[in-house]
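# Per-entry structural report
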Amino acid sequence: MQKSHSYVLPPSATYNNVTGLPHAMPSANPAAERRDSTRSVMLTDVPALGDCPLVDDSSLSHRNSISTTDGISNDSPASWDGDAPSDNSPSAEVDVKIQDGLHHPFPTTSDTSPKTFRFNVIASHGMEASMDEVTPKIEEIDDVDELQSIKPVGVETSMAHASSTHPDSTAAPVNVPRKRGRPRKHPLPAPGNQIKITKGRSKTGCITCRRRKKKCDETKPACLNCQKNAVVCEGYPPKEIWKSGKQKLEDGKCTLDRGMLELLCFRTQNMVARSLPLLIDGIETEIDRRFLDHFVYGFSRVLTLINDDSNPFKEILLPMATQHRGLMHSLMCLSGSHLSGLHHDPMLEERKFYHYHRAIRDLKDNITASSGTAEQDPELLIEDPIIASTIALSLNTICEGETKGEYRPHMDAARYLLSTQQPRNEKFRQFIVEFFQYHDVSNSITSLDRRPAHLQGGLRLPDFVPHAQAGMFLGVFDGLFNYISEVTRIRDRIRQRSNEGYEPAVDYQILGDAVSIDSAIRAWETSYTPNTPNYYLAQLYRQSTWVYLYRTIRPSRPSDKIAQVVDDGLSFLDQLPQDAGAYSIVLMPLFLLGCSAFVPRQRERIKKGFETLKGYSNLRNIEPAFKVVERVWEVMDTKMEESWDWEKIISDMNMDFLIT
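All chains use their own residue numbering, which begins from 1 and follows the written sequence. Per-residue local features are limited, in this predicted model, to residues with pLDDT of at least 70; the limit for side-chain atom pairs, both in listing and counting, is 80 or more; totals at the level of whole chains, interfaces and linings are taken over all residues. Only heavy atoms go into the side-chain values, all of them from the structure, while hydrogens and water stay out.

### Notes on the overall build of the protein
Looking only at helices and strands, the protein features 22 helices and three strands. Burial here depends on accessible area, computed with a 1.4 Å probe over protein chains only, as a share of the maximum for the residue type. Under 20% is buried, over 50% is exposed, and the range in between is partly exposed. Looking at the protein residue by residue over its 660 residues, the buried ones come to 41%. At a minimum sequence separation of 6, the contacts of the protein that also span at least 24 residues come to 68%. Each accessible area is a Shrake-Rupley result for a 1.4 Å probe, and residues are judged covered by the shown protein chains and nothing else. With the model as given, the accessible surface of the protein reaches about 38300 Å², and the carbon-plus-sulfur share is 52%. Strands are runs of DSSP state E lasting at least two residues, helices are runs of H or I lasting at least four, and both sets are numbered from the N terminus onward. Whether two residues touch is decided by their heavy atoms; if any such pair falls within 4.5 Å, the residues are in contact.

Structure representation (structure tokens):
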């Protein structure tokens, strides 16, 4: 049986400011004081049991232990939070009595019976000292109030009895002492008060397991659970990325419930379509209507001499285009090219290219279809709108200012179609022949290899001269372009003799042909009324034709004759009103006068004429034409003899365009 010692702490004990521990009364037995190096707190000055005045015999027999909150006795090592002692460790029980006066510094009753506590002192292994010399372990107390609230077992019963006996007495509150040892950082929840944490159900399982309400192992592409249960795995629902309502509306993925969806389908099936078919194929958008208005009221006037309602582009081509989609696309592309030069709008550019690609595709499809039908029926001719489309596309190169020969395939197609068949509509035939001949002859003035078709025995100029008002262009039906074509033929002969080294380059045959042409130009008369814009324009064409002849057979050097003819031609140009329709076909004669201007003062007037022409028609082939004239002037001032061959100068500049 282990020996038990009792200690009494008086109510008047004082507290150390550092440790907060009460100081016991002085000890009568110095040998009882022991120091243990393994203890953090040492009990000092403990009096002998026999010397304690407050110890009674009844307290020595008090052996009851105080229970903890979890029902484990303080005597049991399991009540410790630290390491439990081994079974072989010796232990000693020490009882400490604390007077009730600790709770009441000034007690009002005589009930000051001490309270007894028991300490289990366990000796470590290897300690051979007697139990009488064991110093009990006293743990540090956090606060004085906690010590005052400690009550031994049985106090509640005695205090209840005392309160019933002495109703005036004040009883101390009953508090359960805390467990010794370090407190838990995260204390366990009290039994019975635990909240069950529900685990969310996974939504990533396969469709079959979710419908069967079974746990899915989520194996892909088919889960093993479905394979084990011999069912078809329907796979997994697609992953959806969260999107806001605005994003769903933009993506067109706004979901509707089944009722709304059925109602919407019902209304859609029974709703009358509000869209209407196109009135005219090729006129599809607001920009197309803008192109159409510009073609009728603006662009058509810069293509021919006629500005009224008899303009062939409005009277002949436009009604034909309403019945042919490909021709309408060609005309809208032509109008869009001219309008985009006036207003630099990306929307106009985009729509213009749309009409161009549609026109090319429709032209190819129509020619392919006509070729297949012609093999079965050789008498079936190609439709007139197809020929008109080729003419419109060649004019588009003028509006765009293209200088790399883009006009050639369109002009060659028109030449082939007109030389192999006759247009069905007589009015259209006269217009298309005059149009082609004007551009074909003018093209020969600026190129080395483009020669008029009538010189090659194909398409010939008409043998009759109609009334002046019937001509849409000047120089074709009145015979001037015959003289221009013959002059071009003479230039080819002179160029050939010069390249072959013949001297002189102008032989007697060439000279005789030139004299005949000179006589014809002198005798030429226009059918236009004198002192009218078209009359001045006709005189300008006559002067430029003679200049073209003179620059062909005469050396390239200044002379009074050429200077006089150029001045007269510029005088006729100055008499043209700036808003006259005659400005639509002034480029070709102005170019010939410019290539013959040896005098500096004439060059200033030529430059002003180009600026006026550009302001009127806004055709983008005017600027490259003036660049060629300026280059010819540079050659005149450095190597005058080489300025004769301006066709070669244009070729050296890597340029090829129409001057119409």
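That covers the picture; the talk isn't over yet.
### Quick word on the packing of helix H20 (residues 600–617) against helix H21 (residues 622–638)
The geometry of H20 relative to H21 is characterised by a closest axis approach of 10 Å and an angle of 170° between their N-to-C directions. One finds that H20 runs roughly antiparallel with respect to H21. Counting all contacts with H20, which are made through Arg603, Ile606, Lys607, Phe610, Leu613, Lys614 and Ser617, the residues of H21 involved are Ile622, Glu623, Ala625, Phe626, Val629, Trp633, Met636 and Asp637. Fitted lines through C-alpha atoms serve as axes, helices being fitted only where they are in contact, and the angles separating the N-to-C directions of these axes extend from 0 to 180 degrees. Orientation categories follow fixed angle ranges, with anything under 35 degrees roughly parallel, anything over 145 roughly antiparallel, 65 to 115 roughly perpendicular, and all other angles oblique.

### A word on unusual backbone geometry
Here Lys220 and Pro221 are connected by a cis peptide whose omega angle stands at 10°. With an omega of -10°, the peptide bond between Glu503 and Pro504 qualifies as cis. Position of Pro504 relative to the elements: it lies in the loop between helix H15 (480–500) and helix H16 (508–523). A positive phi angle, near 60°, is found at Ala230, a position not held by glycine. If you trace the backbone, Ala230 turns up in the loop between helix H5 (224–228) and helix H6 (245–251). Take Ala230: its relative accessible area is 72%, and that puts it in the exposed class. Within the chain, Asn654 stands out as a residue other than glycine whose phi angle is a positive 60°.

### Examining H20
The end-to-end C-alpha distance of H20, which contains 18 residues, comes to 26 Å, matching closely the 26 Å that a straight helix rising 1.5 Å per residue would cover. Residues of H20 that are buried: Gln602, Arg603, Ile606, Gly609, Phe610, Thr612, Leu613, Tyr616 and Ser617. Of the surrounding elements, those touching the buried residues of H20 are helix H10 (325–342), helix H18 (560–574), helix H19 (587–594) and H21. Just downstream of H20, Asn618 is the residue with a positive phi angle, here 55°. What a helix is expected to span follows from its residue count: subtract one and scale by 1.5 Å.

### Regarding the confidence of the model for the protein
Per-residue confidence for the protein gives a mean pLDDT of 73, with 61% of residues at or over 70. Across the protein, the secondary-structure element scoring lowest on mean pLDDT is helix H1 (residues 57–60), at 43, and the one scoring highest is H19, at 95. pLDDT is a per-residue confidence score from the predictor, ranging from 0 to 100. Overall, residues 139–151 carries pLDDT values under 50, and its contacts beyond four positions in sequence, including any with other chains, amount to 27 contacts.

### What to know about the pattern of salt bridges
Salt bridge, as applied in this entry: a Lys or Arg side-chain nitrogen positioned within 4 Å of an Asp or Glu carboxyl oxygen. Evaluation of the coordinates by the stated rule reveals 29 salt bridges. Ionic pairing is found between Arg325 and Asp362, a salt bridge with its closest N-O pair at 3.4 Å. Highlighted residues: Arg325 in helix H10 and Asp362 in helix H11 (residues 346–376), separated in sequence by 37 residues. Close ionic contact of Asp449 with Arg408 constitutes a salt bridge, the shortest N to O distance being 3.1 Å. Within this pair, whereas Asp449 is found in the loop between helix H14 (426–443) and H15, its partner Arg408 is found in helix H13 (residues 408–420), the two being separated by 41 residues in sequence. When its relative accessible area of 53% is taken as the criterion, Asp449 is described as exposed. What you see here is one network of salt bridges that share partners, running through Arg451, Arg491, Asp492, Arg495, Asp645 and Glu647.

### Quick word on the side chain of Ser584
You can see Ser584 is positioned in the loop between H18 and H19. Residue class for Ser584 comes out buried when judged on its relative accessible area of 7%. Identification of polar contacts relies on pairs of N or O atoms within 3.5 Å, with a donor-acceptor requirement for protein atoms, meaning one able to donate a hydrogen and the other able to accept it, and with residues adjacent in sequence counted only if both atoms are side-chain atoms. Within polar-contact distance, the side chain of Ser584 engages the backbone oxygen of Gly581 at 2.6 Å. Here Ser584 is in contact with Arg301, Val302, Leu303, Thr304, Leu305 and Tyr616, once residues within four sequence places are set aside.

### Considerations on the packing of aromatic side chains
Only rings of Phe, Tyr and Trp enter the pairing, Trp through its six-membered ring, and a pair is recorded when the two centres are within 6.5 Å. The plane angle decides the type: under 30 degrees is stacked, over 60 is edge-to-face, the rest tilted. What the rule picks out here adds up to 11 aromatic pairs. With 6.1 Å between their ring centres and 65° between their planes, Tyr535 and Tyr536 make a pair best called edge-to-face. Seen from their ring centres, Trp546 and Tyr550 are 5.3 Å apart, and the 20° between their planes marks the pair as stacked. One end of the pair, Trp546, and the other, Tyr550, are both in helix H17 (residues 533–553), four residues apart, so they sit about a helical turn from each other. Across this residue pair, the class does not change: Trp546 and Tyr550 are buried. An aromatic cluster is built from Phe313, Phe431 and Phe435, whose rings are joined through pairwise contacts. For a lysine, the NZ atom is tested; for an arginine, the CZ atom; a charge sits over a ring if that atom is within 6 Å of the ring centre and within 35 degrees of the ring normal. Sitting above the plane of the Trp644 ring, Arg491 keeps its charged end 4.4 Å from the centroid. The aromatic ring of Trp646 is capped on one face by Arg491, whose charged end is 4.3 Å from the ring centroid.

### Some details on the environment of Ile360
Structurally, the position occupied by Ile360 is in helix H11. Taking the C-alpha atoms as reference, Ile360 lies 8.0 Å from Gly326; in sequence the two are 34 residues apart. Filtering out sequence-adjacent residues up to four positions away, Ile360 remains in contact with Leu393 and His410.

### Here's the deal with helix H12 (residues 384–400)
Over its 17 residues, H12 extends 25 Å from the first C-alpha to the last, a length consistent with the 24 Å expected when each residue adds 1.5 Å. Of all 17 residues in H12, 16 are buried; the element is thus mostly enclosed. Trailing H12 by a residue or two, Gly401 shows a phi angle of about 70°, which is positive.

### Some words on the state of the cysteines
Two cysteine sulfurs form what is called a disulfide whenever their separation falls within 2.5 Å. This structure, assessed with the given rule, holds zero disulfides. Here Cys206 stays unpaired: no disulfide links it, and the sulfur of Cys209, its closest cysteine neighbor, is 3.3 Å away. Given a relative accessible area of 0%, Cys206 falls into the buried group. Among the cysteines around Cys233, which has no disulfide bond, Cys206 carries the closest sulfur, lying 3.9 Å off.

### Observations concerning the environment of Leu292
Position of Leu292 among the secondary structure elements: in helix H8 (residues 286–297). Counting along the chain gives 26 residues from Leu292 to Leu318, while the straight-line C-alpha distance between them is 9.5 Å.

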